[in-house]
Amino acid sequence: MNKIIGKIEEIVMRHVVMTLVEPFVTSFGRTHERSCVIVEMKISDITGFGECVAKSYPGYSYETTGTAWPILSDFLVPAVLGKDLVDIETFVKNYDHVKGHPMAKASLEMAAWDIMGKVQNKSLSELLGGVKKSVEVGVSVGIQPSTEALVERVGRYIKDGYRRIKIKIKPGRDFSDLKAVRSAYPEILLQADANSAYRLSDVHIFNMIDDLDLLLIEQPLSEDDIYEHSLLQKQIKSPVCLDESILSVSHAIAAIELGSCRIINIKAPRVGGLFEAVKIHDECYKRGVPVWSGGMLETNIGRASNLALASLPGFILPSDISASSRYYREDIGEPNFVLNKDSTINVPSEAGLGIEINHENLARFTLKKEVFRSEK
């Protein structure tokens, strides 16, 4: 029988806004600053932190910072506040009755994992079953003003030490951009991310891209599709990787069985948290399907969680977990994560998430704060 860690006595929610080092452009639009919800959970003198990665606009997902706040405050927080934390499986059952909103759920779960690690004096990587001390990473390059600017930007990241480059594409900014980057840097690991910008009738574009020796093409078709991706994968040589379409382990199994993809991107917030993410990893690992960890412009809180997840054995492709300096000049978690010479980042080894909160920065970036306390 698992030992009770303690009663969840207090949960603090903060709406945080941080300015990016440079705008990030995808087929969804341009992002100058990033909103998120930071969750702080307290059990006795132990505090855990979580990050809700939902953005300010519903481009990648229907969830936004604005929708996550009331879902957390009205439904998810009341479901766990005052309850005993025993293990994560029991914890997530507290809000099983709430449909959808995986990113909001994932932030609470992350805070619970952080507490469990601190109580047991184990890193999050250890708790999840991680086996790597460092993980191979790459950098995601947003759509640039021109192809020439893209090639120049890629060159800067390669000079920084990144060995895998991901290019965001959309209709009109796809083959020519990728061809130019491949011609300039023929040896790099190169992949494309379409963010659901294409239709099955655009297969001719992907047939052209096939000749560029890409590592993968990420989410070319609709974000809620699995079937048409199976038709596309049959017509192209490049491996299709599904991202937005995979919301649970059952979706992953369906995609694999249908032949909709050869690779899966696992974002823990997209699937409701690390508990479900590990299940997807385990299923893919058993079936020999490579996985990697995607990123959502996280602060160091979410970045630490992503690194721990990517330390599991099935994560054999470089993940989108770039150095902290890639996104923010100042962060709310310390220390910053840095890129090693071999294009890896070290997995946190301290208890829990393995980071310390910079409370001065957290307060400075906070727009709104709400505190919830359990009844005595």
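Data block above holds the structure.
Comments concerning the packing of helix H5 (residues 147-160) against helix H6 (residues 175-184)
No. 1: Where H5 meets H6, the closest approach of the two axes is 9 Å, and the angle between their N-to-C directions is 40 degrees. By the angle between their axes, H5 is oblique relative to H6. Our pair here, H5 against H6, has a crossing hand that is right-handed. Contacts between H5 and H6 pair Thr147, Leu150, Val151 and Val154 from the former with Ser176, Asp177, Ala180, Val181 and Ala184 from the latter.
No. 2: Taken together, the residues that form the contact of H5 with H6 break down as six nonpolar, two polar and one charged.

Side note on the pairing of strand E12 (residues 263-266)
No. 1: Burial of E12 is two-sided: the residues Ile263 and Asn265 facing one way and the residues Ile264 and Ile266 facing the other way are all buried.
No. 2: Sheet topology places strand E11 (residues 240-242) next to E12; two bridges connect them, and they run parallel. Counterpart to Cys241 in the pairing with E12 is Ile263.
No. 3: Tracing the backbone out of E11, into helix H9 (residues 249-258) and back to the parallel element E12 gives a crossover that is right-handed.
No. 4: One ladder, built from three bridges, connects E12 with strand E13 (residues 291-293); its direction is parallel. Looking across to E13, one finds that Ile266 is bridged to Ser293.

Digging into the state of the cysteines
No. 1: In total, this model carries zero disulfides according to the counting rule given.
No. 2: Just so you know, Cys241 is unpaired, no disulfide at all, and the nearest cysteine sulfur is the one on Cys261, 6.9 Å from it.
No. 3: Looking at the unpaired Cys284, the closest cysteine sulfur is the one in Cys261, lying at 7.5 Å.
No. 4: We classify Cys284 as buried; its relative accessible area is 0%.

Section: the packing of H9 against helix H10 (residues 274-287)
No. 1: Viewed as axis vectors pointing N to C, H9 and H10 meet at an angle of 25 degrees, and their least axial separation amounts to 9 Å. What the angle tells us is that H9 and H10 run roughly parallel. Helix-helix and strand crossings are classified by hand; for H9 and H10 the assignment is right-handed. Note on element contacts: H10 touches H9 through Glu276, Lys279, Ile280, Glu283, Cys284 and Arg287, opposite Val249, Ala252, Ile253, Ile256 and Glu257.
No. 2: Split by residue class, the contact of H9 with H10 holds six nonpolar, no polar and five charged.

Rules of the game
Residues numbered from 1 in each chain as written. Predicted model: local features only at pLDDT ≥ 70, side-chain atom pairs only at ≥ 80, totals over all residues. Heavy atoms only, no water. Axes fitted to C-alpha atoms, helices over the stretch in contact; angles between N-to-C directions. Helix = DSSP H or I, 4+ residues; strand = E, 2+ residues; numbered from the N terminus. Parallel < 35°, antiparallel > 145°, perpendicular 65-115°, else oblique. Left-handed = near helix turned anticlockwise from the far one by under 90°. Contact = heavy atoms within 4.5 Å. Nonpolar A, V, L, I, M, F, W, Y, C, P; charged D, E, K, R; others polar. Buried < 20%, exposed > 50% of the residue type's maximum accessible area, 1.4 Å probe, protein only. Pairing = 2+ DSSP bridges. Right-handed = clockwise from strand over helix to strand, strands pointing away. Disulfide = S-S within 2.5 Å.

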